[in-house]
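Fold and geometry: a report
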Amino acid sequence: STQSTWGIGRECYGFPLSGLEEQRTAEATFRVRWRAEQHEAWDAWQAHLAATDGAIVKGKALDTLIRRHGVPPALRRQVWLEITGAGKKLAENRGYYAALLDAHFGNPPDSHADIEKDLHRTFSNHPFFAAGPGQRLMRRVLTALAWRNPLVGYMQSFNYIVGFLLLNMPEEEAFWVLVVLLEDILPNDFFHPHLTGVYADCMVMEALVDRCLPTIGAHCKACRIDINICSSNWFISLLVNALPHTTRCACGT
């Protein structure tokens, strides 16, 4: 069946199924396997939560559980807030997000035009963004982020990262998750205006391909294919805009 909670012809996360027959077949096969894996994952998470009295706490047990089973959709928001530290930051800064937006109301950041341009092409085939509140919420989160970090302001790919987060949590929590990613988890120069950190990761990936996948590395060189052209787009969006929708959501931990 192609019926989902988002309507006919959409997969479980709301994105439209592919029009190509072979991709639709692959998607149907994936859904069968995914449902079985979700049952197994949920049982494992239920056992873990029973052992911790329902608490989600960072540690080796939680890390192992995530590596083996991912995070069920129902727990994704709670787990992401805990493992990133965004939940703690939110609790320590209650009201900051709203105050930041209020303080700059009517005074758009320098990156306002770029933000507006990208809103309409971010997940435009998803009902949450095409006809729902997604664009409005994304605008608020991206605007707040631009005022918090004017050195970076806004970069293309932030729209996809924020859009992905908004499918899983409220706007204020999405703001703090992105803040923690940019300020605490990723290298300081990752989203520097010159993308120093992104290009450094591209070079590391190219070296890893040569070392771990020498046949592929040699083939790319023989065909004069620059791996960095592909990997730079992957890294700058934190893979959000690189993986299939179901894979991205399943592996979004």
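These notes cover the structure that comes with them. The shown structure was predicted, so the numbers you read here are calculated from the model rather than taken from an experiment. (Residues numbered from 1 in each chain as written. Predicted model: local features only at pLDDT ≥ 70, side-chain atom pairs only at ≥ 80, totals over all residues. Heavy atoms only, no water.)

Considering the overall build of the protein
Counting its regular elements, the protein contains 14 helices and 2 strands. Looking at the protein as a whole, 40% of its 253 residues are labelled buried. Long-range pairs, those at least 24 residues apart, make up 68% of the contacts in the protein with a sequence separation of at least 6. Of the roughly 14000 Å² of accessible surface on the protein, 57% is carried by carbon and sulfur atoms. (Helix = DSSP H or I, 4+ residues; strand = E, 2+ residues; numbered from the N terminus. Buried < 20%, exposed > 50% of the residue type's maximum accessible area, 1.4 Å probe, protein only. Contact = heavy atoms within 4.5 Å. Areas by Shrake-Rupley, 256 points an atom, 1.4 Å probe, with all protein chains shown as cover.)

Notes on unusual backbone geometry
Phi angles above zero are rare outside glycine, and F123 is one such case at about 50 degrees. Along the polypeptide, F123 turns up in the loop between α6 (112–119) and α7 (127–130).

Digging into the packing of aromatic side chains
Counted under the stated rule, the structure contains 11 aromatic pairs. Ring geometry for Y96 against W176: centres 5.4 Å apart, planes inclined by 50 degrees, an arrangement best described as tilted. Placement of the pair is Y96 in helix α5 (residues 96–103) and W176 in helix α10 (residues 171–185), with a sequence separation of 80 residues. Each ring, one from F128 and one from F129, has its centre 5.0 Å from the other, and the planes form 85 degrees; the classification is edge-to-face. Judged on exposure class, the residue F128 and its partner F129 are both buried. (Phe/Tyr/Trp six-rings, centres within 6.5 Å; stacked < 30°, edge-to-face > 60°.)

Focus on the pattern of salt bridges
Counting across every chain of the model gives 9 salt bridges. When the shortest N-O distance is used, the salt bridge between R121 and D118 registers 2.7 Å. A relative accessible area of 43% places R121 in the partly exposed class. When its relative accessible area of 2% is taken as the criterion, D118 is described as buried. (Salt bridge = Lys/Arg side-chain N within 4 Å of Asp/Glu carboxyl O.)

Topic: the packing of helix α11 (residues 196–212) against helix α13 (residues 227–236)
Contact geometry for α11 and α13: axes closest at 9 Å, N-to-C directions at 125 degrees. With respect to each other, α11 and α13 are oriented oblique. Here α11 and α13 pass one another in a crossing that is right-handed. Where α11 abuts α13, its residues V198, Y199, D201, C202, M203, M205, E206 and V209 lie against I227, N228, S231, S232, W234, F235 and I236. (Axes fitted to C-alpha atoms, helices over the stretch in contact; angles between N-to-C directions. Parallel < 35°, antiparallel > 145°, perpendicular 65-115°, else oblique. Left-handed = near helix turned anticlockwise from the far one by under 90°.)

Some words on the side chain of S157
Assignment of secondary structure puts S157 in the loop between α8 (134–148) and α9 (158–166). Sequence-distant contacts of S157, that is, excluding residues within four places in its chain, are made with F191, I236 and S237.

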